[in-house]
Amino acid sequence: MAPDPLTPPQRRALTDLRAKSLPREDPERLTAHLRTVHDAVSQLEARVATAGIIATEPLFWAQVRAAALLHDAGKIAESFQRQLEPGGEPWGERHEVLSLAYVDLLAPATAWSAQERLLIATLVASHHRPLHAANSLGGGKPALARLYNAGTRWDQAFGRPPGPDCRPQVPRGLHQELLAWLAGFLRTEPAPPAPGDPTTAARARLLLDEVLTAWREPVKAHTGLIAVLAQGALTLADHAGSAHVELQTHIPLPLDYLARLPHTPHRHQQDAANTTGHLVLIAPTGSGKTEAGLAWAARQLTTMPGLPRLVWTLPYRASLNAARHRFERTLQPEAGQERPDIGLLHGALARTLLTEALEDDCCGPTKDDARKARARANAMRLFTQRLRVATPHQLLAAAIAGPTHSSVLLEQANSLFVLDELHAYDPETFGRLCAAMRLWEQLGSRIAVLSATLAPPLLAIVDETLHHPVTCHRAALGTAPVRHHLVVDDLSLTDPDSLERLETWLDESHSVLVVTNTVTTAQDLFTKLADHARQTRPDDPDAAMLLHSRFKNRDRDSIESRLLARHPERRPGEPHHRGGLVVATQTVEVSLQLDFDRGAVDNAPVEAVAQRAGRVNRLGLHPDGAVEFRVHRTDGHRPYDPGAIEAAWSALTTLVEEGVTTLSEHDIDRLLHLAYDTDWGHDWARRARQARDGFTTEFLTFTDPFHDRTEHAKTLGDRFDTVEVLHHDDKDEYRQLAIGRSADPLLAAGLLIPLRYGQLKTYNATFDRALGIHLIDGQYDPVLGLRAPVEPETIL
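Student: Lay out the sheet that holds strand β3 (residues 387-390) with the relevant residues and their values.
Tutor: The pairing of strands in a sheet happens through backbone hydrogen bonds and is either parallel or antiparallel. Spatially, β3-β2-β4-β5-β1-β6 is the arrangement adopted by the 6 strands of the open sheet, whose pairing is parallel. Strands at the two margins of the open sheet, each flanked by one partner only, are β3 and β6 (470-474). Between one strand axis and the next, the sheet turns through 15 degrees on average, direction left out of account. The pairing of strand β2 (residues 309-313) with strand β4 (residues 415-420) spans 5 bridges and is parallel. By the bridge assignment, Trp312 is partnered in β4 with Val418.

Right under this line is the structure:
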């Protein structure tokens, strides 16, 4: 039962103090919460250890532990305790500010140096809000410097409120009990009170002023980064302690991964498994790059401190679920579990959960308390697993830092990052990723780059970005057999002659892959060809399928599962033609192990053309030998840079003019050389370097670590031109799945649709602040996906 409200004459005992208003029947005690968060720091230390820059601060974890013990001590305040009671009035003050008094009281007894005392106090003060606003207007929640200033009446806020019946905020006896308990936990004795000692309110005021002064002006980048990592450690420990969730120690990747493969590993897979440190691996599609990347990661696990985390990054959000399901099928679950626990949480929902998890009880108990508790538990799904899949945008959200995202930055220390298909990015995104690689290395992490096509300028930029050596391995020539007969076609895919050829292939029972550069073209082509494909396979429910990024995540999951079942990699000796049509966009280029008899694609950057070819006669096992793969001229360039399209077309036509009709590894290298040894290619490299250095300066140099950086969130989204949206029709279901009683973040993410920022206006997007997400209009169909809203007819 919830405790009855206390009448003024009653005296609280230490065991009466509560940290939360939940669970209602027995709210969590303050001392229990402080102990839990303190213990959670040890789990983080076991995972991250003293990797990278943390090793330069020997007392890093000791200071975080001290801050964890003291971070909520200010909840002793009588007004805070009363607001937790049913019907309690909001206090209106910040408990973390009062907690500073206990930092000040215990500092002499613990022999903390002035620098240690300052960092501990800073972590305590900043674990919910920034210390300073970014500018005159601020960005998110009001900073502490705005809330507490020369006009603050400290004695009323933290001493004895006015009125004859008001008790002091910190009764003397209770104060001595808590102080003794904290000192005992720190294995020290507090100094006995002496006449003339400052009051707790005065101590809080003086130490807050010291903290605000220390971080008002920019500091050295090294100092700032250490401070942000420490803030991340405390906020993550607070998330874990509040949610009562422990970090996993099991990783689904066995250390002897390569030895467990059911076939003799390729040479490049063995080379990857024998590499310690950063890796670049260039190998053809279908030659086992993923297995090589996992073998490299298994090797690193034995040569790094702590319990490293493995983060597998992919260029498209639409590819994340396919990669996650693949790892679930092939890696090792923890004892007693049916499948490996692979972390995945889409970006928009992740931001919502992290923000809500940060909310505390300073506004009193509300109907949203249960929602906030669920958000804390669900936010921990961002962190608990040791293997996760993500996009670079999700990882670079760490640049926002602050109380909300500094925990994301800490989790990037002592980690393994596999950047799959690094070639798929525009120069600006590639440059920002290189900036992140440089930061990850500083945090003691290691990086592997996997690609079937990595042009020399890209390799050079990666190598110059990282301080430690980068080992580069290439698959041996001939690793992949000759798979394609290349045809360069001046007609567009939508030309009647092109459509007739596709129908002929379907009539001949070939399985046909058509890849376009835009969703709209894919939808239009599918509409024109689907009925013909179904007529050729009347008993096949998946005779015609469409895949692009503008599906709800859960619908795309279903489509991908059916695709993998319908068009798997061809097995040796499989003679028959499979039939069936798949029309897709770039989403088919990554993570999906598909295999088709014929392919026709829009002209695209060389790397994209090679990836599309990798889905046609994938393993070279087609009974006809090399099969036809056609690249069609496009009428436009979107979504690519026009220079990339022109360079690719010039390279392809040059190759054909030289008499080349295959698309081997050697041919692809030749295409890359031709495409990048152009004015466009030289400009690409310049833009990538410029983006790398600019992103480092603007986002990844933490010289103002405790200023409000929430404005960075929008800027970061704009830079990546990516956003996840929700259709108006799904709003109620999303609310229940995201924050309802039966909340499940993965199910909620299943309703989201990826869009580019520039497309929001097309879909009449509005931002729902309660849900933290854009709501859109438009026609949605589970077969065709999202289409633009129909313009109403105008009668003149």
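Student: Lay out the nonpolar core in plain terms, naming residues and giving numbers.
Tutor: Residues Tyr102, Leu182, Phe430 and Met437 are the most contacted members of the largest nonpolar core, which totals 180 residues. Examining the composition of this core, we find that 11 residues originate from one element, helix α10 (residues 221-243), more than from any other. Core analysis: the next-biggest nonpolar cluster, separate from the first, contains 33 residues, Ala272, Leu294, Leu310 and Ile342 among them.

Student: Any details on helix α21 (residues 519-536)? Residues and values, ideally.
Tutor: Here α21 contains 18 residues, and its C-alpha end-to-end distance of 25 Å stays within 8% of the 26 Å for a straight helix at 1.5 Å per residue. Of all the bends in α21, the largest measures some 40 degrees and sits at Leu529. When α21 is considered as a whole, its buried residues turn out to be Val519, Ala522, Gln523, Leu525, Phe526, Leu529, Ala530, His532 and Ala533. Buried residues belonging to α21 abut α20 (496-507), β8 (512-515), β9 (544-547), β10 (581-584) and β18 (785-787).

Student: So, the side chain of Thr634: which residues are in play, and what are the values?
Tutor: Structurally, Thr634 can be placed in the loop between β12 (627-632) and α24 (642-657). Reaching out from Thr634, the side chain makes a polar contact with the backbone oxygen of Gly636 at a distance of 2.9 Å. If near-sequence neighbours (up to four positions away) are discounted, Thr634 is found in contact with Asn517, Asp602, Asn603 and Ile645.

Parameters at a glance
- Residues numbered from 1 in each chain as written.
- Predicted model: local features only at pLDDT ≥ 70, side-chain atom pairs only at ≥ 80, totals over all residues.
- Heavy atoms only, no water.
- Pairing = 2+ DSSP bridges.
- Helix = DSSP H or I, 4+ residues; strand = E, 2+ residues; numbered from the N terminus.
- Axes fitted to C-alpha atoms, helices over the stretch in contact; angles between N-to-C directions.
- Core = buried A, V, L, I, M, F, W, Y, C linked by side-chain atoms within 4.5 Å.
- Buried < 20%, exposed > 50% of the residue type's maximum accessible area, 1.4 Å probe, protein only.
- Expected span 1.5 Å × (residues − 1).
- Bend = angle between axes of the 7 residues up to and from the residue.
- Contact = heavy atoms within 4.5 Å.
- Polar contact = N/O pair within 3.5 Å; in protein donor to acceptor, adjacent residues only side chain to side chain.

As far as function goes, none of this settles anything; it's purely spatial.
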